[in-house]
Amino acid sequence: GLTMLEDGSLVGSRESANGTQIYHIPEPPTVASDIEVTILGMVPDNLRIEALYTDCQGLVYLMDTGVDVGSAEGNRLLRFTGDFLAGDLNYEVITDLQMASVADIDDMGPGIDEMGEITDGNGFAIDSGQVYDFDYNTGTGTLLGPGGTWGIHALGGPLFDDQVARLYLLDSSARLYEADQVTLSLSGVLITGPDPDGDAQPGWSGLAGPLTECMTTLPDPQ
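Residues numbered from 1 in each chain as written. Predicted model: local features only at pLDDT ≥ 70, side-chain atom pairs only at ≥ 80, totals over all residues. Heavy atoms only, no water.

*Asks:* Whenever I open this one, the overall build of the protein confuses me. Can you help?
*Replies:* Scanning the protein for helices and strands turns up zero helices and 16 strands. Against the compact-globule benchmark of 17 Å for 222 residues, the protein has a radius of gyration of 16 Å, which places it among compact chains. Overall, the C-alpha framework of the protein stretches about 45 × 40 × 30 Å when taken along its three principal axes. Classification of the 222 residues of the protein by burial places 46% in the buried group. The contacts in the protein between residues at least 6 apart in sequence include a share of 44% that link residues at least 24 apart. (Helix = DSSP H or I, 4+ residues; strand = E, 2+ residues; numbered from the N terminus. Rg over C-alpha atoms; globule rule 2.2 N^0.38 Å. Buried < 20%, exposed > 50% of the residue type's maximum accessible area, 1.4 Å probe, protein only. Contact = heavy atoms within 4.5 Å.)

Here's what the structure looks like:
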(Lines give C-alpha, C1' and ligand atoms only; values in the text may rest on other atoms or scores of the structure.)
Protein backbone atom coordinates (compact mmCIF):
# COMPACT_ATOMS: atom_id res chain seq x y z
CA GLY A 1 0.00 0.00 0.00
CA LEU A 2 1.12 3.57 -0.70
CA THR A 3 -0.54 6.97 -0.42
CA MET A 4 0.51 10.63 -0.47
CA LEU A 5 -0.33 13.08 2.28
CA GLU A 6 -1.09 16.77 1.79
CA ASP A 7 2.52 17.74 2.60
CA GLY A 8 3.87 15.50 -0.17
CA SER A 9 5.16 12.80 2.17
CA LEU A 10 4.21 9.17 1.69
CA VAL A 11 2.61 6.61 3.99
CA GLY A 12 3.16 2.98 3.09
CA SER A 13 2.08 -0.46 4.29
CA ARG A 14 3.79 -3.83 4.15
CA GLU A 15 1.37 -6.73 4.43
CA SER A 16 2.12 -10.28 5.56
CA ALA A 17 0.25 -13.23 7.04
CA ASN A 18 1.22 -11.90 10.49
CA GLY A 19 -0.22 -8.41 10.00
CA THR A 20 0.66 -5.08 8.41
CA GLN A 21 3.47 -2.66 9.20
CA ILE A 22 2.87 1.04 8.51
CA TYR A 23 5.75 3.39 7.66
CA HIS A 24 6.26 7.04 6.71
CA ILE A 25 8.59 8.59 4.11
CA PRO A 26 8.89 12.28 5.09
CA GLU A 27 10.88 13.32 2.01
CA PRO A 28 10.28 11.01 -0.97
CA PRO A 29 13.11 11.17 -3.54
CA THR A 30 12.41 12.01 -7.17
CA VAL A 31 15.18 9.73 -8.46
CA ALA A 32 15.88 6.09 -7.65
CA SER A 33 17.81 5.96 -4.38
CA ASP A 34 17.88 4.49 -0.92
CA ILE A 35 15.35 6.16 1.35
CA GLU A 36 14.93 6.86 5.03
CA VAL A 37 11.65 5.61 6.49
CA THR A 38 10.03 5.98 9.89
CA ILE A 39 8.33 2.82 11.12
CA LEU A 40 5.00 3.84 12.68
CA GLY A 41 3.96 0.42 13.98
CA MET A 42 1.64 -2.50 13.24
CA VAL A 43 -2.05 -2.13 12.44
CA PRO A 44 -4.02 -3.46 15.44
CA ASP A 45 -5.78 -6.84 15.37
CA ASN A 46 -3.20 -8.35 12.98
CA LEU A 47 -5.12 -6.99 9.99
CA ARG A 48 -3.77 -7.58 6.50
CA ILE A 49 -3.90 -4.26 4.63
CA GLU A 50 -3.52 -4.31 0.85
CA ALA A 51 -4.07 -0.65 -0.03
CA LEU A 52 -3.96 2.87 1.40
CA TYR A 53 -5.94 5.89 0.21
CA THR A 54 -6.16 9.62 1.02
CA ASP A 55 -9.48 11.45 0.65
CA CYS A 56 -10.22 15.08 -0.21
CA GLN A 57 -9.95 16.06 3.48
CA GLY A 58 -6.54 14.42 3.89
CA LEU A 59 -7.91 11.50 5.91
CA VAL A 60 -6.21 8.14 5.35
CA TYR A 61 -8.08 4.92 4.58
CA LEU A 62 -7.00 1.28 4.61
CA MET A 63 -8.25 -1.67 2.57
CA ASP A 64 -8.55 -4.66 4.90
CA THR A 65 -8.10 -7.75 2.73
CA GLY A 66 -9.95 -9.99 5.20
CA VAL A 67 -9.17 -13.69 5.42
CA ASP A 68 -6.77 -13.74 2.46
CA VAL A 69 -5.39 -11.69 -0.41
CA GLY A 70 -7.32 -13.55 -3.09
CA SER A 71 -11.01 -13.12 -2.21
CA ALA A 72 -13.45 -10.45 -0.98
CA GLU A 73 -14.28 -12.45 2.17
CA GLY A 74 -13.84 -10.16 5.16
CA ASN A 75 -12.91 -7.11 3.08
CA ARG A 76 -13.58 -3.75 4.76
CA LEU A 77 -12.75 -0.12 4.12
CA LEU A 78 -11.17 1.34 7.27
CA ARG A 79 -9.97 4.81 8.30
CA PHE A 80 -7.34 5.92 10.81
CA THR A 81 -8.94 7.71 13.76
CA GLY A 82 -5.87 9.01 15.59
CA ASP A 83 -2.53 10.65 14.93
CA PHE A 84 -1.12 7.82 12.86
CA LEU A 85 2.14 9.68 12.20
CA ALA A 86 2.70 9.55 15.97
CA GLY A 87 2.01 5.82 16.01
CA ASP A 88 -1.72 5.80 16.83
CA LEU A 89 -2.92 3.25 14.27
CA ASN A 90 -6.42 2.75 15.66
CA TYR A 91 -9.14 2.67 13.03
CA GLU A 92 -12.88 2.77 12.37
CA VAL A 93 -14.85 0.72 9.84
CA ILE A 94 -16.28 2.83 7.00
CA THR A 95 -17.70 0.19 4.65
CA ASP A 96 -18.20 -3.57 4.88
CA LEU A 97 -17.17 -4.73 1.42
CA GLN A 98 -17.59 -8.46 1.94
CA MET A 99 -21.07 -8.86 0.46
CA ALA A 100 -21.27 -5.99 -2.00
CA SER A 101 -17.73 -5.88 -3.36
CA VAL A 102 -17.11 -7.22 -6.84
CA ALA A 103 -13.38 -7.44 -6.29
CA ASP A 104 -10.62 -8.13 -3.79
CA ILE A 105 -9.11 -4.68 -4.14
CA ASP A 106 -5.33 -4.35 -4.44
CA ASP A 107 -5.15 -0.56 -4.80
CA MET A 108 -7.53 2.39 -4.52
CA GLY A 109 -7.46 5.59 -6.52
CA PRO A 110 -9.56 8.75 -6.68
CA GLY A 111 -12.14 9.07 -9.44
CA ILE A 112 -12.78 11.55 -12.25
CA ASP A 113 -16.37 12.77 -12.67
CA GLU A 114 -18.20 13.81 -15.85
CA MET A 115 -16.87 17.37 -15.45
CA GLY A 116 -13.31 16.12 -15.20
CA GLU A 117 -13.07 16.85 -11.47
CA ILE A 118 -11.40 14.58 -8.93
CA THR A 119 -13.73 12.64 -6.61
CA ASP A 120 -13.01 10.46 -3.58
CA GLY A 121 -16.21 8.59 -2.63
CA ASN A 122 -16.41 7.36 -6.20
CA GLY A 123 -13.03 6.28 -7.43
CA PHE A 124 -11.10 3.70 -9.36
CA ALA A 125 -9.98 0.36 -7.95
CA ILE A 126 -7.76 -2.39 -9.29
CA ASP A 127 -7.80 -6.12 -8.58
CA SER A 128 -4.99 -8.14 -10.17
CA GLY A 129 -5.10 -6.24 -13.44
CA GLN A 130 -8.87 -5.69 -13.55
CA VAL A 131 -9.93 -2.03 -13.20
CA TYR A 132 -13.25 -0.97 -11.66
CA ASP A 133 -15.26 2.20 -11.37
CA PHE A 134 -15.85 1.85 -7.62
CA ASP A 135 -18.18 3.38 -5.04
CA TYR A 136 -16.33 3.32 -1.72
CA ASN A 137 -19.48 4.23 0.21
CA THR A 138 -21.37 1.11 -0.88
CA GLY A 139 -18.60 -1.27 -1.91
CA THR A 140 -20.09 -1.73 -5.37
CA GLY A 141 -18.31 -1.33 -8.66
CA THR A 142 -18.45 -1.74 -12.42
CA LEU A 143 -15.71 -3.56 -14.29
CA LEU A 144 -14.06 -1.27 -16.86
CA GLY A 145 -11.52 -3.73 -18.23
CA PRO A 146 -7.95 -4.99 -17.91
CA GLY A 147 -4.84 -2.89 -17.35
CA GLY A 148 -1.88 -2.61 -15.04
CA THR A 149 -1.51 -5.06 -12.17
CA TRP A 150 -1.75 -3.65 -8.65
CA GLY A 151 -1.29 0.12 -8.91
CA ILE A 152 -3.81 2.84 -9.86
CA HIS A 153 -4.10 6.62 -9.34
CA ALA A 154 -5.79 9.64 -10.93
CA LEU A 155 -4.31 13.14 -11.14
CA GLY A 156 -6.46 16.27 -11.38
CA GLY A 157 -6.52 18.72 -14.28
CA PRO A 158 -4.89 21.63 -12.38
CA LEU A 159 -1.65 19.61 -12.34
CA PHE A 160 -1.41 19.79 -16.15
CA ASP A 161 -1.05 22.61 -18.67
CA ASP A 162 -4.17 21.48 -20.56
CA GLN A 163 -6.23 21.22 -17.32
CA VAL A 164 -7.31 17.66 -18.19
CA ALA A 165 -7.36 14.98 -15.46
CA ARG A 166 -5.55 11.72 -16.13
CA LEU A 167 -5.70 8.10 -14.97
CA TYR A 168 -2.52 6.05 -14.50
CA LEU A 169 -1.85 2.33 -14.06
CA LEU A 170 1.26 0.52 -12.82
CA ASP A 171 2.06 -3.05 -13.78
CA SER A 172 4.09 -5.65 -11.89
CA SER A 173 7.20 -4.85 -13.94
CA ALA A 174 7.03 -1.22 -12.74
CA ARG A 175 5.84 0.10 -16.11
CA LEU A 176 3.63 3.18 -15.89
CA TYR A 177 0.79 3.79 -18.38
CA GLU A 178 -1.85 6.45 -18.92
CA ALA A 179 -5.31 4.90 -19.33
CA ASP A 180 -8.41 6.29 -21.00
CA GLN A 181 -10.96 6.94 -18.26
CA VAL A 182 -13.82 5.31 -20.20
CA THR A 183 -12.38 2.72 -22.60
CA LEU A 184 -9.28 1.97 -20.48
CA SER A 185 -7.12 1.89 -23.62
CA LEU A 186 -3.51 2.27 -22.61
CA SER A 187 -0.77 4.59 -23.79
CA GLY A 188 2.68 3.32 -24.49
CA VAL A 189 4.96 2.85 -21.50
CA LEU A 190 5.57 6.29 -20.00
CA ILE A 191 8.43 5.21 -17.77
CA THR A 192 9.77 2.03 -16.17
CA GLY A 193 10.76 2.03 -12.53
CA PRO A 194 14.11 0.72 -11.30
CA ASP A 195 14.88 -2.81 -10.18
CA PRO A 196 15.20 -2.80 -6.39
CA ASP A 197 18.07 -4.49 -4.59
CA GLY A 198 17.56 -7.90 -3.06
CA ASP A 199 14.56 -10.11 -3.69
CA ALA A 200 11.95 -7.33 -3.99
CA GLN A 201 9.91 -7.09 -7.18
CA PRO A 202 9.94 -3.70 -9.00
CA GLY A 203 6.22 -3.17 -9.56
CA TRP A 204 4.67 -5.03 -6.64
CA SER A 205 3.25 -1.83 -5.22
CA GLY A 206 0.35 0.55 -5.08
CA LEU A 207 0.54 3.86 -6.93
CA ALA A 208 0.36 7.22 -5.17
CA GLY A 209 0.24 10.89 -6.07
CA PRO A 210 -1.15 14.27 -5.04
CA LEU A 211 -4.80 15.27 -4.95
CA THR A 212 -6.07 18.52 -6.39
CA GLU A 213 -8.71 20.43 -4.44
CA CYS A 214 -11.95 18.47 -4.21
CA MET A 215 -15.03 17.97 -2.04
CA THR A 216 -15.31 14.71 -0.16
CA THR A 217 -18.37 12.45 -0.39
CA LEU A 218 -17.08 10.01 2.22
CA PRO A 219 -18.59 10.13 5.75
CA ASP A 220 -17.25 12.58 8.31
CA PRO A 221 -15.22 11.16 11.21
CA GLN A 222 -17.26 9.98 14.18
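*Asks:* What am I meant to see in the sheet that holds strand β7 (residues 76-80) here?
*Replies:* Strand pairing in a sheet takes place through backbone hydrogen bonds and is either antiparallel or parallel in direction. Taken together, four strands build an open sheet; the order of strands is β5-β6-β7-β8 and the sheet is antiparallel. The open sheet has two edge strands with one neighbour each: β5 (49-54) and β8 (91-96). Sheet twist, expressed as the mean angle between neighbouring strand axes with direction ignored, is 30°. Here β5 pairs with strand β6 (residues 60-64) via five bridges, running antiparallel. Bridge pairing in β6 links alanine 51 to methionine 63. (Pairing = 2+ DSSP bridges. Axes fitted to C-alpha atoms, helices over the stretch in contact; angles between N-to-C directions.)

Don't take any of this as a statement about function, it's just geometry.
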